[in-house]
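Descriptive structure summary
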There are 2 protein chains.
Amino acid sequence: MLADLGQRIEPLGLTLTEMSVLQLVAANPQIRQSEIGQVLAIKRANMAPLIAALEARGWIHREAIDGRSQGLRLTPSGETLLVDLKVCITENERWILRDAPKQDPSQLIKTLKAIWTAKA
Amino acid sequence: MLADLGQRIEPLGLTLTEMSVLQLVAANPQIRQSEIGQVLAIKRANMAPLIAALEARGWIHREAIDGRSQGLRLTPSGETLLVDLKVCITENERWILRDAPKQDPSQLIKTLKAIWTAKA
DNA sequence: TATTGTTATACTCTATAACTATA
DNA sequence: TATAGTTATAGAGTATAACAATA
């Protein structure tokens, strides 16, 4: 499933990890790098170049929270990208469900979300 | 889900990739490295050290098919390992289903298998 | 000429440790 | 003293290319 999604977002110029970061920033404006790292299980040391790359491409920008923390937000360009991203995700879900037993196509997503929520 | 399974099989001394290879060898005695690589999307060049490591630990052995091909089989030690492996997999499935909606715990596995079969 | 397996090696991803600056 | 972020770097995992031996 993730391999398919990875291929779909490749033309947008980002990886699955970067996609997750952007979604997290979109859903949590002013989030800090360290918080993203905790949620996505990415080490602080690896967040630095990751965020720098997203900033260099103009998708996010930083605002100082205090002297040592910086809050992240999507730029307008980042918001636009997120729309395209959601199209890819929707197509990916359709592709997944295409071969699921007919009875209730959305049951799978509901079940997976329930499991994910319980574990996280 | 895979992260949990990875932790469960770690005490057995193998990785998820090695687990997949062993299962494939168990289900297809006399299989060739190149065939495993095709199924699991592992490059030939990376199969060499992978198989060598499994052989060094006494879990598989090679039999010449012809001058350039070698068929793989589990050793008795490998068969024993596979039993322990299946216990881990069963525990992993139980762990996954524990937080699935009650209605039909096995529906998820059936659905995922149907999807997997259709894609592969 | 195509295939099986191997080696060498580069690239990416992730992990650890040490550092600066700030709370 | 603890935390946010950075840098340097080592270790996996995975990629390409070139090779030998055989079909």
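Residues numbered from 1 in each chain as written. Chains lettered and ligands numbered in written order. Predicted model: local features only at pLDDT ≥ 70, side-chain atom pairs only at ≥ 80, totals over all residues. Heavy atoms only, no water.

Let us now look at the sheet that holds strand E1 (residues 31–32) of chain B. The sheet built from three strands is open, its strands ordered E1-E3-E2 (chain B) with antiparallel pairing. On the outer flanks of this sheet lie E1 and strand E2 (60–64) of chain B, each paired with one strand and no other. (Pairing = 2+ DSSP bridges. Helix = DSSP H or I, 4+ residues; strand = E, 2+ residues; numbered from the N terminus.)

Turning to the side chain of Asn92(B), a few remarks are in order. Take Asn92(B): it is sitting in helix H5 (residues 76–98). Not counting the four nearest positions on each side in its chain, Asn92(B) is found in contact with Met1(B), Asp4(B), Leu5(B) and Arg8(B). (Contact = heavy atoms within 4.5 Å.)

Close contacts around DNA strand D come from 16 residues, with Arg32(A), Ser34(A), Arg62(A), Arg68(A) and Gly67(B) the closest. Contact distances for DNA strand D include 2.8 Å between a base oxygen and a side-chain N or O atom of Arg68(A). When residues of the surface near DNA strand D are traced back to their parent elements, those giving at least two are helix H3 (33–40) and helix H4 (44–56) of chain A together with helix H4 (44–56) of chain B. The leading source of residues in the surface near DNA strand D is H4(A), at three residues. Broken down by class, the residue content of the surface near DNA strand D amounts to three nonpolar, six polar and seven charged. (Near = heavy atom within 4 Å. Polar contact = N/O pair within 3.5 Å; in protein donor to acceptor, adjacent residues only side chain to side chain. Nonpolar A, V, L, I, M, F, W, Y, C, P; charged D, E, K, R; others polar.)

Quick look at the pairing of strand E3 (residues 70–74) of chain B now. Note: E1(B) against E3(B), two bridges, orientation antiparallel. Residue Ile31(B) lies in a different strand from E3(B), and its bridge partner there is Leu72(B).

The next subject is the packing of helix H2 (residues 16–27) of chain B against H5(B). All names here are of chain B. Between H2 and H5, the shortest axis-to-axis distance is 11 Å and the interhelical angle comes to 120°. Taken together, the axes of H2 and H5 lie oblique to each other. Here the hand of the crossing between H2 and H5 comes out left-handed. Of the residues in H5, those in contact with Met19, Leu22, Gln23 and Ala26 of H2 are Leu81, Leu82, Leu85 and Ile89. Considered class by class, the residues forming the contact of H2 with H5 number seven nonpolar, one polar and no charged. (Axes fitted to C-alpha atoms, helices over the stretch in contact; angles between N-to-C directions. Parallel < 35°, antiparallel > 145°, perpendicular 65-115°, else oblique. Left-handed = near helix turned anticlockwise from the far one by under 90°.)

Right, let's talk about H2(B) for a bit. Taking 1.5 Å as the rise per residue, H2(B) with 12 residues should run 16 Å; its terminal C-alpha atoms sit 17 Å apart, in good agreement. Looking only at H2(B), the buried set comprises Glu18(B), Met19(B), Val21(B), Leu22(B), Leu24(B) and Val25(B). (Expected span 1.5 Å × (residues − 1). Buried < 20%, exposed > 50% of the residue type's maximum accessible area, 1.4 Å probe, protein only.)

In this section: the interface of chain A and chain B. It is common to give the size of an interface as the accessible area that goes away when the parts come together. Taken together, the contact between chain A and chain B spans 16 residues of the former and 16 residues of the latter. When the two sides are added together, the surface that chain A and chain B hide from each other amounts to roughly 1,300 Å², 71% of it contributed by carbon and sulfur. Its largest share of buried area at the contact with chain B, chain A owes to Asp99(A), Ile115(A) and Lys119(A), together 38% of the area lost on that side. Counting across the interface, chain A meets chain B through two salt bridges. Residues Lys119(A) and Asp99(B) are paired through a salt bridge, measuring 2.7 Å at the closest nitrogen-oxygen approach. Our count for the chain A to chain B interface comes out at four residue pairs in polar contact (both at pLDDT 80 or more). Secondary-structure elements contributing two or more residues to the side of chain A that touches chain B are helix H5 (76–98) and helix H6 (105–119) of chain A. (Buried area = accessible area lost by both parts, 1.4 Å probe. Salt bridge = Lys/Arg side-chain N within 4 Å of Asp/Glu carboxyl O.)

Taken together, 16 residues lie near DNA strand C, and Gly67(A), Arg32(B), Ser34(B), Arg62(B) and Arg68(B) sit nearest. Here, DNA strand C places atoms within 4 Å of the protein, and 57% of those atoms are sugar or phosphate. In the environment of DNA strand C, a phosphate oxygen lies 2.9 Å from a nitrogen or oxygen atom belonging to the backbone of Gly67(A). Interatomic distance of 2.8 Å between a side-chain N/O atom of Arg68(B) and a base oxygen of DNA strand C. Take the surface near DNA strand C: its biggest share by element is three residues, from H4(B). A breakdown of the residues in the surface near DNA strand C according to their chemical character gives three nonpolar, six polar and seven charged.

Bringing H4(A) into the picture now. Residue and element names in this part refer to chain A. In this model H4 runs 19 Å from its N-terminal to its C-terminal C-alpha over 13 residues, within 8% of the 18 Å that 1.5 Å per residue would give. Those residues of H4 that sit buried are Met47, Leu50, Ile51 and Leu54. Seen end-on, H4 carries its buried residues on one side only, within an arc spanning 100°. Of the residues in H4, the exposed ones pointing more than 90 degrees away from the buried face are Ala45, Pro49 and Ala56. In this structure, the buried residues of H4 make contact with helix H2 (16–27), H3, strand E2 (60–64) and strand E3 (70–74). Immediately downstream of H4, the backbone of Gly58 shows phi near 80°, a positive value. (Arc of directions from axis to C-beta.)

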